[in-house]
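A structural walkthrough
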Amino acid sequence: SMAEGAGAGPRLAELLAAGRRLWEEVETGAEPSSGAPAVQDKVRQGLDALQRAAAMVAQLDLFSENEELEEIASADLKYLLLPALLGALTLKQVNLSRRLEHLESARAHFWRFLKVCRNYGLGSFHLPPASPPGEEDAGSPSPGGPAAAQRSLVAMASSRQAKIERYKQKKELENRLASMRTSVESGQADEDQIREFYILQIQKWINTSLEEIESIDQEMVILRSRGTAKQSSAPPHGTSRQVRAPLKPFILTRDAAQAKVFGAGYPGLPTMTVDDWYEQRRRQGVVSGHSAHQRTPGITDEELQKQQQEKKEEDDDEEALQKARNWDDWKDTHPRGYGNRQNVG
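Residues numbered from 1 in each chain as written. Predicted model: local features only at pLDDT ≥ 70, side-chain atom pairs only at ≥ 80, totals over all residues. Heavy atoms only, no water.

- Per an unreviewed UniProt entry, the chain goes by IGBP1 protein and derives from Fregetta grallaria.
- Taken directly from UniProt, the Sequence similarities (unreviewed entry) text for the chain runs: "Belongs to the IGBP1/TAP42 family." (UniProt positions renumbered as here; feature names shortened; annotations may be inferred.)

1. Notes on helix α4 (residues 82-90)
- Summarising burial for α4: 9 of the 9 residues are buried, a large majority.
- Considered for burial, the residues of α4 that qualify are L82, P83, A84, L85, L86, G87, A88, L89 and T90. (Buried < 20%, exposed > 50% of the residue type's maximum accessible area, 1.4 Å probe, protein only. Helix = DSSP H or I, 4+ residues; strand = E, 2+ residues; numbered from the N terminus.)

2. Side note on the nonpolar core
- Core analysis: the largest hydrophobic core is formed by 58 residues, its most contacted members being F113, L122, I202 and I206.
- Looking at this core, the elements that each hand over two or more residues are α2 (9-28), α3 (37-60), α4, α5 (99-119), α6 (146-185) and α7 (191-225).
- Ignoring any residue separated from it by four or fewer positions in sequence, one finds I202 in contact with L77, L80, L81, F113, C117 and L122. (Core = buried A, V, L, I, M, F, W, Y, C linked by side-chain atoms within 4.5 Å. Contact = heavy atoms within 4.5 Å.)

3. Looking at the packing of aromatic side chains
- Taken as a whole, this structure holds 3 aromatic pairs when the rule is applied.
- Relative to Y120, the ring of F63 lies with its centre 6.3 Å away and its plane at 75°, an arrangement referred to as edge-to-face. Placement of F63 in the loop between α3 and α4 and of Y120 in the loop between α5 and α6 is noted, with a sequence separation of 57 residues between them.
- Over the face of the ring belonging to F125 we find R118, whose NZ or CZ atom lies 5.1 Å from the ring centre. (Phe/Tyr/Trp six-rings, centres within 6.5 Å; stacked < 30°, edge-to-face > 60°. Lys NZ or Arg CZ within 6 Å of the ring centre and 35° of its normal.)

4. Focus on the packing of α4 against α5
- The geometry of α4 relative to α5 is characterised by a closest axis approach of 7 Å and an angle of 160° between their N-to-C directions. One way to sum up the angle between α4 and α5 is to call them roughly antiparallel. Two packed elements cross with a definite hand, and for α4 against α5 that hand is left-handed. Contacts between α4 and α5 pair P83, A84, L86, G87, A88 and T90 from the former with H102, S105, A106, H109, F110, R112 and F113 from the latter.
- Of the residues contributing to the contact of α4 with α5, the split by class is 7 nonpolar, 5 polar and 1 charged. (Axes fitted to C-alpha atoms, helices over the stretch in contact; angles between N-to-C directions. Parallel < 35°, antiparallel > 145°, perpendicular 65-115°, else oblique. Left-handed = near helix turned anticlockwise from the far one by under 90°. Nonpolar A, V, L, I, M, F, W, Y, C, P; charged D, E, K, R; others polar.)

5. With respect to the side chain of Q40
- Tracing the chain through its elements places Q40 in helix α3.
- Since its relative accessible area comes to 10%, Q40 is described here as buried.
- Within the structure, the side chain of Q40 is placed 2.7 Å from the backbone oxygen of S34, a separation counted as a polar contact.
- Here Q40 is in contact with S34, G35, K92, Q93 and V94, once residues within four sequence places are set aside. (Polar contact = N/O pair within 3.5 Å; in protein donor to acceptor, adjacent residues only side chain to side chain.)

6. Focus: the pattern of salt bridges
- Taken as a whole, this structure holds 16 salt bridges when the rule is applied.
- Here R176 and E196 are joined by a salt bridge, their closest N and O atoms 2.9 Å apart. Pair noted here: R176 is in helix α6 and E196 is in helix α7, with a separation of 20 residues, a long-range link.
- On the basis of relative accessible area, R176 is assigned to the partly exposed category, the value being 38%.
- Through salt bridges that share partners, R21, E25 and K42 make up one connected network. (Salt bridge = Lys/Arg side-chain N within 4 Å of Asp/Glu carboxyl O.)

7. Some thoughts on unusual backbone geometry
- Here the phi dihedral of D61 falls at roughly 55°; this positive angle occurs in a residue that is not glycine.
- In this fold, D61 is placed in the loop between α3 and α4.

8. Here we look at the side chain of Q201
- Inspection of the secondary structure assignment puts Q201 in helix α7.
- Residue class for Q201 comes out buried when judged on its relative accessible area of 5%.

9. So, the packing of α5 against α7
- Where α5 meets α7, the axes come as close as 9 Å, and the angle between the chain directions of the two elements is 150°. In this structure, α5 crosses over α7, and the sense of that crossing is left-handed.
- Residue classes in the contact of α5 with α7 are distributed as 16 nonpolar, 1 polar and 7 charged.

Below, the structure is given as structure tokens:
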């Protein structure tokens, strides 16, 4: 292959393998928090290795717009995965003040991966838009009106169907990959098997990339609507950062009603609404005051107390309810990590 000829082959292969191994360690790691310094070190090292590999691939001109899939050497197919792995590791960074930037960067990596797969006719899927929805009209309050709302409901229903399909496909792909891995990695596989193995991996990452772009777009909508984009660029690099209290995992919901629903399934995790979260971060001095809702004018202390008392009673009920849930049953029927896309923190 061309890469080997340029003498970069072994080096390139090592960089990809290292980046990939680090990603797998972070993804399946035993560390309870992805914010742990050891985990973030791996994230940084992994990104570094993958970025260097991607630069080499670009330099070697390994893949070109007008070539067919058959023209790629089997050993080179694995380098197609670079942007997808870069996207996945980019999302593992935990610096909250740069969250929007990380989301944008990860999205661009996933999109580039899908675009290349598209070029080579790998997988049948709709290429998502190149930039997140609402980017162009971030200033306008609510584009579209009723017709757009109707369209988005239809889209949601069909995307739900697509998700179920993707989930089945993904399980099937993972099983096939697992059964082939040993022979490929021990060098016993022939050319055709190696080729099939890498193409299956690419297809698995196509599914992952489509899912990630969808959830990135949802998270960006929340961040933008909160105006955090403006604030996150506020602290100049020179200033000493305040020490933040580490975030405990929780489920971020839009409002109290949603908090009730999500709370039910995750007895171990507190739920809080976006407003509660901002309020908490504001008290810790992280977000500046005007992003959290100011107290409504004209509301008396008495009314405020009454509201707080009601909320406390609701929370107590909720807690009792959650404790009563049979956590083991839930775990038996749901794979680990299931559904935790809601957990923005």
